[in-house]
Amino acid sequence: MASLNFFLRNKTTSRETPISLKILLPNKVDLVYSTGLKIAPKYWDSKNQKVRDKIEVYDIKDVINVKLSKIKSFAEDQYLKLKISNELSKEKIKEKLDIYFNRRLAQVVITGFYNYTISLVEKSKKRVAKVTWKSYERTIALLKDFENTTKFKIGFETINIDFYHSFIDYLEDSCEMSPNTIGKHIKNIKMFMNSANEDGISKCVGHKHKHFKVLKVESFQVYLNLDELKKIEKLEYELDSVKDRVRDLFLMGSFTGQRISDWRKLVKENIREFKGKRCFVLNQTKTNTDVIIPIHPIIEKIFLKRNGEAPKFVNEQDINVNIKLIAQKAKINELIKQKDNEPKYNLISSHSGRRSFCSNAYKSGMDSLAIMQLSGHKTEKNFLTYIKISKEEFAERIANHSFFKK
């Protein structure tokens, strides 16, 4: 353990004087560092290295002592990490303290995220159970798969609330994970980000958003009902502007039930006609399943305004940013109590289109197995997590069933 002490440089003054930190390094090298804290010598307990319990300083005693405790813990932790990695030096310790005290900005490199997390996992193998570091490795592998699949660039500054919703959608949809399993990976990501903050590698705090939570129960995700989708459809944008394309791509996802990985396949070349009805015929990327999807009238309008062509694709990050703005313009601003009264438009992502299709089709009375065949869900249990309708909406649906009629 590091030899570390707090001391006052001027012990004879009657005024407040700086509290300094002294760290003894190998080869009898000392680092003396200012903590930025001050106290009058008569209130300083040099033996226990803290402010005395005196009535005159009762209002600042605990504040200073807590800060000193945190500084000591940080310094000892950095000393140990640098020693393990054979990087221990006066300059390195000072650099870490400078970052801790905001006296030097951390150098954040987007591509350094994986290098850092992999290094973190390697170090953890010496102090945590195998099942724990294996879990870390699995999280990193999932992040790489997510990045490759969605083209969402992973870096310290991109791990924010937009990433959070997209990553959960990916784990629920493509990996069909349970909420608790997803929660374990979110917990690991928060640990990676907190460690990077503490090590001075990153100052990014997107993971500290109030909704960036570790899931322990089924996550609540919104869907748009038919009236809301029609509001979005009626918005006016310049033809083939980014917002026009995002709006139309989202509507196509909302009326076909396809994953965003298959939105690129909703094109003229994949349209066939069956008994006078135009349909998309495509092979779903995730399940490698061939599906035939009737084309909704709203999608026909989207093709018609482009002379039979589909809107050009937009990357998922831009879709997730713009669809929120589009929904806000459409005044889809219901306050969602399950999300601390967050406006609904803030909770919409590309994945909301798929949920909207499943929920609206189910409400319309379409058979669950038929919806699953179109959406590509393999199990009814997973499919039912997509059905986000209220008890009143469910009652309205079953009220028209033959069982409740004469």
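Data block above holds the structure.
Below or above, wherever it landed, is the structure these notes cover. What you are looking at is a predicted structure, and each value in this text was computed from that prediction instead of being measured.

1. Observations regarding the packing of helix H8 (residues 242-254) against helix H9 (residues 297-304)
Where H8 contacts H9, the axes come no closer than 9 Å and their chain directions differ by 145°. Crossing handedness for the pair H8 and H9: left-handed. In contact with Asp 248, Leu 251 and Met 252 of H8, H9 contributes Ile 298, Ile 299, Ile 302 and Phe 303.

2. Details of the packing of aromatic side chains
Counted under the stated rule, the structure contains 14 aromatic pairs. A ring pair is formed by Phe 146 and Phe 152, whose centres lie 5.6 Å apart and whose planes are at 40°; its orientation type is tilted. Taken together through their ring pairs, the aromatic side chains of Phe 146, Phe 152, Phe 163, Tyr 164, Phe 167, Tyr 170 and Phe 212 make up a single cluster. For Lys 144, the ring lying beneath its charged end belongs to Tyr 114, and the centroid distance is 5.2 Å. Lying over the aromatic face of Tyr 223, Lys 344 brings its terminal NZ or CZ to 5.7 Å of the ring centre.

3. Quick word on helix H3 (residues 112-124)
Spanning 13 residues, H3 covers 18 Å between terminal C-alpha atoms, matching the ideal 18 Å at 1.5 Å per step. Within the sequence span of H3, burial applies to Gly 112, Phe 113, Tyr 114, Tyr 116, Thr 117, Leu 120, Val 121 and Ser 124. Against the buried residues of H3 lie helix H4 (130-150) and helix H6 (179-198).

The rules behind the values
- Residues numbered from 1 in each chain as written.
- Predicted model: local features only at pLDDT ≥ 70, side-chain atom pairs only at ≥ 80, totals over all residues.
- Heavy atoms only, no water.
- Axes fitted to C-alpha atoms, helices over the stretch in contact; angles between N-to-C directions.
- Helix = DSSP H or I, 4+ residues; strand = E, 2+ residues; numbered from the N terminus.
- Left-handed = near helix turned anticlockwise from the far one by under 90°.
- Contact = heavy atoms within 4.5 Å.
- Phe/Tyr/Trp six-rings, centres within 6.5 Å; stacked < 30°, edge-to-face > 60°.
- Lys NZ or Arg CZ within 6 Å of the ring centre and 35° of its normal.
- Expected span 1.5 Å × (residues − 1).
- Buried < 20%, exposed > 50% of the residue type's maximum accessible area, 1.4 Å probe, protein only.

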